[in-house]
Amino acid sequence: MINRELNFEGSPPILYLIPTPIGNLSEFPPRAIEIINEMDFVACEDTRNTSSLLTHFGIKKPTISCHEHNEEEAANKIIALLHEGKKVAYMSDAGYPGISDPGERLVKRCLKEGIKATSISGPSAFLNALVASGLPTNHFHFEGFLSAKESEKIARLQQLIKNPDTLIFYEAPHRISKTLMTMVAVLGDRQACLARELTKLHEEFIRASLAELALLDEATLKGEMVLIVEGNQEKKEVDDQTIAFALKDQLEYGKRSKEAIADVSSSLGVNKNRVYDIYLKTFKNND
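Rules used throughout
Residues numbered from 1 in each chain as written. Predicted model: local features only at pLDDT ≥ 70, side-chain atom pairs only at ≥ 80, totals over all residues. Heavy atoms only, no water. Pairing = 2+ DSSP bridges. Helix = DSSP H or I, 4+ residues; strand = E, 2+ residues; numbered from the N terminus. Axes fitted to C-alpha atoms, helices over the stretch in contact; angles between N-to-C directions. Polar contact = N/O pair within 3.5 Å; in protein donor to acceptor, adjacent residues only side chain to side chain. Contact = heavy atoms within 4.5 Å. Phe/Tyr/Trp six-rings, centres within 6.5 Å; stacked < 30°, edge-to-face > 60°.

A.B. asks: Hey, could you go over the sheet that holds strand E9 (residues 204-209) for me, with residue numbers and the actual values?
C.D. replies: The strand order across the open sheet formed by five strands is E6-E7-E10-E8-E9, and the pairing between neighbours is mixed. A single partner strand is all that each edge strand has here, and the edge strands are strand E6 (140-145) and E9. Each strand axis lies, on average, 15 degrees off the axis of its neighbour in the sheet, ignoring direction. Pairing between strand E8 (residues 191-196) and E9: six bridges, direction antiparallel. Counted as the bridge partner of Leu 194 is Ile 206 from E9.

A.B. asks: Provide a residue-level description of the side chain of Arg 109, including the pertinent values.
C.D. replies: When you line up the elements, Arg 109 lands in helix H4 (residues 104-112). Within the structure, Arg 109 has its side chain in polar contact with the side chain of Asn 76 (distance 2.6 Å). Here Arg 109 is in contact with Glu 72, Ala 75, Asn 76 and Ile 79, once residues within four sequence places are set aside.

A.B. asks: I'd like a description of the sheet that holds strand E3 (residues 63-65), backed by residues and values.
C.D. replies: Across a sheet, paired strands are connected by hydrogen bonds in the backbone, their directions being either parallel or antiparallel. The strand order across the open sheet built from five strands is E3-E2-E4-E1-E5, with neighbouring strands paired in parallel fashion. Across the chains shown, the open sheet's two edge strands, defined by having one partner strand only, are E3 and strand E5 (116-119). Ignoring strand direction, the axes of neighbouring strands in this sheet form an average angle of 25 degrees. Packed onto the sheet, helix H1 (residues 30-38) meets strand E1 (14-18), strand E2 (41-44) and strand E4 (88-91) and runs at close to 140 degrees relative to E1.

A.B. asks: Explain the packing of aromatic side chains to me, and be specific about the residues and the numbers.
C.D. replies: Two numbers describe a pair of aromatic rings. These are the distance of the centres and the angle of the planes. All chains considered together, the criterion is met by six aromatic pairs. Seen in terms of ring centroids, Phe 145 and Tyr 170 are 5.6 Å apart; in terms of plane orientation they differ by 65 degrees. Their pairing is edge-to-face. Taken together, the residues Phe 145 in strand E6 and Tyr 170 in strand E7 (residues 166-171) connect sequence positions 25 residues apart. One aromatic cluster is present, built from ring pairs that chain together Phe 126, Phe 140, Phe 142, Phe 145 and Tyr 170.

Structure representation (structure tokens):
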């Protein structure tokens, strides 16, 4: 069943998801402030942190606690208020709700109850770290926090060994050295970037190999961490069928055989003579 409805048309209530600054309060978007001022209630991960943030911007709103351990119970209260016609927004402590923070279960419950959901653009720690890391940004895998249990951490990293995409992790300062050593043992010594204290006065990007990062004095690594790690760079063997499909695509696009062979050789990283041989076997004999 397709559920298709414009978010800001019609009468169903809507839950606003509002990301909050990851350090620099000046990065709180004007639209977020505008939306919060329209709300009747602000649900949040930590009422103390959110109240301090709202006070900084001169906003007074009743808050509802909705964190990892009470999200299902809090969702019932939030959904009831929305069905009563009240306006409610949800804010996590730093960054986006639902990204290594509570919010995912709340959104699912709201959608199940016929309540719309929308997000306001705002700060994101992993995007800030990724784009300034110097590592490939065209394809990436966001992992977030690994398990604190060593056996589970190793098992998860083993599943990521062959992933060619840039890998993104969150980590706490008291675990960062151990996590880096485990990564070297499981993933190998890859290029990486450790970003800490993002948008704050002591923001730092440390670009080095995993092994070099693991040797840093943990006492100098303070604040929340984002670790960007190079993906698997091993080249996969390209089979004949893949080359044939690529040639077919280029030829059907209207390219001449010589040009198609050159383009396929370049894009797949395959020797041109091999591509030519497959062209002769697959297409030339059919002419």
